[in-house]
Amino acid sequence: MNPILFWAREVLALLFFLFFLVFGLSGLLGLFRFPDPWSRLQASSVTSTTSVFSLLTALLLIAPSWAMASRILIIMAFFMISSPTGSHIIARFLWFSGLPHWMPEEKDKG
Amino acid sequence: MRARTLWNLIRWVLSGSVFFLVWLFFSSETSLFAHLLGLAGAMLISALTYRVFLADHEAGLRYFFPNPIWVVVLIVRLSWSFYLSSFRIVGTILGGPCRPRIVHFRTRLKSDLARFALANFITWTPGTITLDLDDDHLTVFWFYADTAHRRLAGEKIKEGLEGILGKVWV
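Residues numbered from 1 in each chain as written. Chains lettered and ligands numbered in written order. Predicted model: local features only at pLDDT ≥ 70, side-chain atom pairs only at ≥ 80, totals over all residues. Heavy atoms only, no water.

Caption draft 1: Inspection of the packing of aromatic side chains at higher detail. If you walk through the whole model with that rule in mind, you get 20 aromatic pairs over all chains. Each ring, one from Phe 16 of chain A and one from Tyr 83 of chain B, has its centre 6.2 Å from the other, and the planes form 65 degrees; the classification is edge-to-face. Of the two residues, Phe 16 of chain A sits in helix H1 (residues 3-33) while Tyr 83 of chain B sits in helix H3 (residues 68-93), which places them in two different chains. Grouping residues by exposure puts Phe 16 of chain A and Tyr 83 of chain B together as buried. Ring geometry for Phe 19 of chain B against Phe 53 of chain B: centres 5.4 Å apart, planes inclined by 75 degrees, an arrangement best described as edge-to-face. Of this pair, Phe 19 of chain B sits in helix H1 (residues 3-27) while Phe 53 of chain B sits in helix H2 (residues 32-53), and the two are 34 residues apart along the sequence. Grouped by ring-pair contacts, the aromatic residues Phe 16, Phe 19, Phe 23 and Phe 53 of chain A together with Phe 82, Tyr 83, Phe 87 and Trp 124 of chain B constitute a single cluster. Over the face of the ring belonging to Tyr 144 of chain B we find Arg 88 of chain B, whose NZ or CZ atom lies 3.9 Å from the ring centre. (Phe/Tyr/Trp six-rings, centres within 6.5 Å; stacked < 30°, edge-to-face > 60°. Helix = DSSP H or I, 4+ residues; strand = E, 2+ residues; numbered from the N terminus. Buried < 20%, exposed > 50% of the residue type's maximum accessible area, 1.4 Å probe, protein only. Lys NZ or Arg CZ within 6 Å of the ring centre and 35° of its normal.)

In structure tokens form, the structure reads like this:
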């Protein structure tokens, strides 16, 4: 492989691994910082979707063969369907349970 | 051949082809025996499930077969807004502002698959979660609501996604 392409691929993969770490840790932090299930669901969606998607993208970039890359692509496609479905089921249950969502204080509003 | 029988046959072959493609991607097998075995398995599963995947009333190929060029545009557009929203959520986690609210709006999309995709992508993007999809009516929990106006809220949440989805499907 062309050395420039090789390095570009490695640097991009590293960037996406960094995203994985940052979003994963932020999501975990959000689970503790947010006060109610509605907003915690937002934090967990960052953890589950953005960080895992970044991880899979990084793995796709450094996949050693087309066979491996195609498997990762299929996993990404399934993940894009299953992850929102899980969040939706929890949110729908919250909605039907009638639990009110958290309203931040006026000074916290943007 | 009766029209309904022909339509059932088309649905069976189409869903079987998609299953076979997924199997090819996942197995990465190259031998003829493996291909035949995969095809037989895909067609068998398709015979049992095509009614679930391709609804009987959607008798138009554009209702479930995506336009490949617009799929690429959709993925690029979605990834961009996906990362932007994620950074915004990280900002909120670290002490930034938010204004949670449940909003209702309608979609112009016609096919079930396009509506499902819109609801799914809204949930997939951090900051918005679809609570309900009833015909063309969506109920969404929006973490950064800056309006209660139905149409405006809908336009802000969909952010052009609906237009692209309308070109991918109908």
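Caption draft 2: Up close: the interface of chain B and chain A. Taken together, the contact pairs 38 residues of chain B with 42 residues of chain A. A buried area of about 3600 Å², summed over both sides, lies between chain B and chain A, and 73% of it is on carbon and sulfur atoms. When the area that chain B buries against chain A is broken down by residue, the three leading residues are Tyr 83, Ile 93 and Trp 124 of chain B, summing to 20%. Arg 92 of chain A is the partner of Asp 132 of chain B in a salt bridge, and the nearest nitrogen-oxygen pair spans 2.5 Å. Our count for the chain B to chain A interface comes out at 13 residue pairs in polar contact (both at pLDDT 80 or more). Contributions of two or more residues to the side of chain B that touches chain A are made by H1, H3, strand E1 (101-106), helix H4 (112-124), strand E2 (128-134) and strand E3 (137-142) of chain B. At 9 residues, H3 of chain B tops the list of elements feeding residues into the side of chain B that touches chain A. A breakdown of the residues in the side of chain B that touches chain A according to their chemical character gives 23 nonpolar, 12 polar and 3 charged. (Contact = heavy atoms within 4.5 Å. Buried area = accessible area lost by both parts, 1.4 Å probe. Salt bridge = Lys/Arg side-chain N within 4 Å of Asp/Glu carboxyl O. Polar contact = N/O pair within 3.5 Å; in protein donor to acceptor, adjacent residues only side chain to side chain. Nonpolar A, V, L, I, M, F, W, Y, C, P; charged D, E, K, R; others polar.)

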